[in-house]
Amino acid sequence: MKQKVVIIGTGHGGIQAASSLREEGFEGEIVLISDEKEMPYQKPPLSKGFLQDKQTEDAILFRSVNFYQNNNIDLRLGAKVCKIEPNNCQISLENGEIISYNFLIIATGTSNRKLIIDGKLVENVYFLRNLVDAKNIQQKLKESQNIVVIGGGFIGLELAALSIEKGKNVTVIEAQSRLMERVLPAIVSNVFYETHQQNGVRILLQTAIENITTNEVILKNGENIKADLILAGIGVIPETSLASEAGIACENGVLVNEFQQTNFSNIYAIGDCANHFNAFANKNLRLESVQNAVDQAKVAVNHILGKPQPYHTVPWFWTNQYHLKLQMAGINSDYDETHFRGDIEGQKFSVFYYKNQKLVAVDSLNRPADHLAARKLIQNGISPTFEQVADLALKFGELCC
Amino acid sequence: MPQITYIENNGTEHQVELPLGATLMEGAVQNDIKGIVAECGGSCMCATCHVYIDDKFLDLLPEMEEEEDEMLDGANAERRENSRLGCQVRISKQLDGIIVRIPEKQ
């Protein structure tokens, strides 16, 4: 009998899982479910090319409209899964339909953390998660002059950069003492701070919000900031409600093993919603990145097809703001030494992070070749000497592979 | 619309028409052409849309920026004189008939 794989979610993970199944020769049924109405599209460009008006809706589609039919993938758009029944190997849709599966892949991603002030949910704030959100923001940006961005993380800063480039007045409010403090060292985040300021963005660090009205953000220090549009990027929470209600083990995401399996052996979780042990971080974590979603999809598919290969890929991330192109390889949360390569003043440098003299991560600012090399170095466990890091004449390609 | 020929590494040819302004990467991905990964979605971040351009069309391409140049140095397949990143080449009228070869790996 033909086997059936059901995939919930059509982000990078879900689409990759469906594609890889066919590429690897899976001949059974594939049902791919999205609660959104649009053809599956890529989310990273929403806060970049799409809202910059450089990429159209069509340009960010994952695949052609015909791809799903040509590959015999049963794509269900606008379909909401309301229940997973692991013991019966079936899911229920909101419209009452029941779909059985041999294997289930949960690729539900994350949702935006809501803004709560004094215990009350703030309503008139725009968040960016999907295409509908992006289109709402696109329209609202046209009508607005004064933009306030709450949260100085990747998404908030990408939105700030594209808003100021549209000629708006932009203020960023961040509770921490630095931009992107959770993921970047001071030397890198300061470059972003200075660049945003030079471009005219007003950045308020260590700043708390007292209240938000329809057209004002009132700070704890008493200042009122006029706001025609308030955007917020204050983190995400994994979409695990379906899984946890079904008795699938969750803890900051759906818990998975190195093959992406949950505590039910025929249910997998991949991408932003999957909490896994990551060898490159040496701890359990969730990663919110394209790389992680795509590679975990391949791991799950290979396991389903009886060709198990554990997840073992160097994490990498990126952000684009103005002329600043930041690429991050590895996890820089635990290190005891850093070394620099390139021109710090000229905003063209990489930070190499070492732990016990082993290279664990590299952040590259406007040095894309360093980034690509770093991924290979870390993947292969090669740690260049500090002299080699500083030696611009040395091409890392000579050290690895 | 300009016509593009993609040749996959195994020799499979695909002739497709692309709208002006689309990139070679978008054209490949949306026409189900194998061998273009385009992990970063066209941000010039990952060097997984590496292609070889037919020599006749090399001079008609948009000029290569420094970042593309550097990324190509780190591409997984051999870099050649006619290497480009597909996400950085937008289709113009001049490129009608262009032949694009996909490398063995990305």
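As a convention, each chain's residues are numbered from 1 in the sequence order in which they are written. Just so you know, chain letters begin at A and ligand numbers begin at 1, following the order they were written in. Predicted model: local features are reported for residues with pLDDT of at least 70 only, side-chain atom pairs are reported and counted for 80 or more only, and whole-chain, interface and lining totals are derived from all residues. To get the side-chain values, take all heavy atoms of the structure and skip hydrogens and water.

Undergrad: How should the sheet that holds strand β26 (residues 337–343) of chain A be read in this particular structure?
TA: The strands making up a sheet are joined through hydrogen bonds of the backbone, oriented either antiparallel or parallel. Residue and element names in this part refer to chain A. Two strands qualify as a pair provided DSSP detects at least 2 bridges between them. Comment: elements are numbered from the N terminus, with helices defined as DSSP H or I runs of at least four residues and strands as E runs of at least two. Taken together, the 5 strands give an open sheet; going across it, the order is β24-β25-β28-β27-β26, and neighbouring strands pair in antiparallel fashion. Looking along the sheet, the strands with just one partner apiece sit at the ends: β24 (316–321) and β26. Taken pair by pair, the neighbouring strands of this sheet meet at an average axis angle of 15°, ignoring direction. The pairing of strand β25 (residues 324–330) with strand β28 (residues 358–365) spans 5 bridges and is classified as antiparallel. When the bridges of β28 are listed, A329 appears paired with V362. Here an angle of 0 to 180 degrees is reported between the N-to-C directions of two axes, which are lines fitted to C-alpha atoms, with helices fitted over the stretch in contact.

Undergrad: Any chance you could explain the interface of chain B and chain A here in plain terms?
TA: Put simply, an interface is often sized by how much accessible area is lost when its parts join up. Two residues qualify as a contact provided that any one of their heavy atoms is within 4.5 Å of a heavy atom in the partner residue. Each side of the interface is counted separately: chain B has 22 residues, and chain A has 32 residues. A quick way to say it: buried area is the sum, across both parts, of accessible area lost when two parts are put together, with a 1.4 Å probe. Roughly 2,000 Å² is buried in total at the junction of chain B and chain A, and carbon and sulfur atoms are behind 50% of that figure. It is Q30(B), E39(B) and M45(B) that lose the most area in chain B upon contact with chain A, and together they represent 35% of the buried surface on that side. Salt bridge, as used here, is a side-chain nitrogen of Lys or Arg placed within 4 Å of a carboxyl oxygen of Asp or Glu. For the pair chain B and chain A, the interface holds 4 salt bridges. The shortest N-O distance in the salt bridge between E67(B) and K325(A) comes to 2.9 Å. Contacts described as polar in this section are N or O atom pairs within 3.5 Å, which, within protein, must combine one atom able to donate a hydrogen with one able to accept it, while residues neighboring in sequence count only if both atoms come from side chains. Across the contact surface, chain B and chain A share 11 residue pairs in polar contact (both at pLDDT 80 or more). Of the residues forming the side of chain B that touches chain A, the biggest block, 5 residues, is contributed by helix α2 (residues 66–73) of chain B. Looking at the side of chain B that touches chain A residue by residue, the class counts come to 8 nonpolar, 5 polar and 9 charged. Residues are grouped as follows: nonpolar covers Ala, Val, Leu, Ile, Met, Phe, Trp, Tyr, Cys and Pro; charged covers Asp, Glu, Lys and Arg; every other residue, Gly included, is treated as polar.

Undergrad: Would you mind going over helix α3 (residues 131–143) of chain A with me for this structure?
TA: Structural remark: α-helix, 3.6 residues per turn; residues separated by three or four positions point the same way. Residues and elements named next belong to chain A. With 13 residues, α3 should reach 18 Å at 1.5 Å per residue; the first-to-last C-alpha distance of 19 Å fits that figure. Of all the positions in α3, only L131, D133, A134, I137 and L141 are classed as buried. One side of α3 holds all its buried residues, which, seen down the axis, span an arc of 150°. Residues of α3 that are exposed and angled more than 90 degrees away from the buried face: K142 and E143. Check the buried side of α3 and you find it contacts β11 (126–127), β12 (146–150), α4 (154–165) and β18 (229–232). Capping the start of α3, N130 holds a side-chain oxygen 3.2 Å from the backbone nitrogen of V132, two or three residues further along. Here the expected length of a helix is defined as 1.5 Å per residue gap, with one fewer gap than residues. Relative accessibility under 20% of the residue-type maximum defines a buried residue, over 50% an exposed one, and the middle range a partly exposed one, all with a 1.4 Å probe and only protein chains included. Our arc is simply the arc of the directions from the helix axis toward the C-beta atoms.

It is worth stressing that arrangement in space is one thing and function is another; only the former is reported here.
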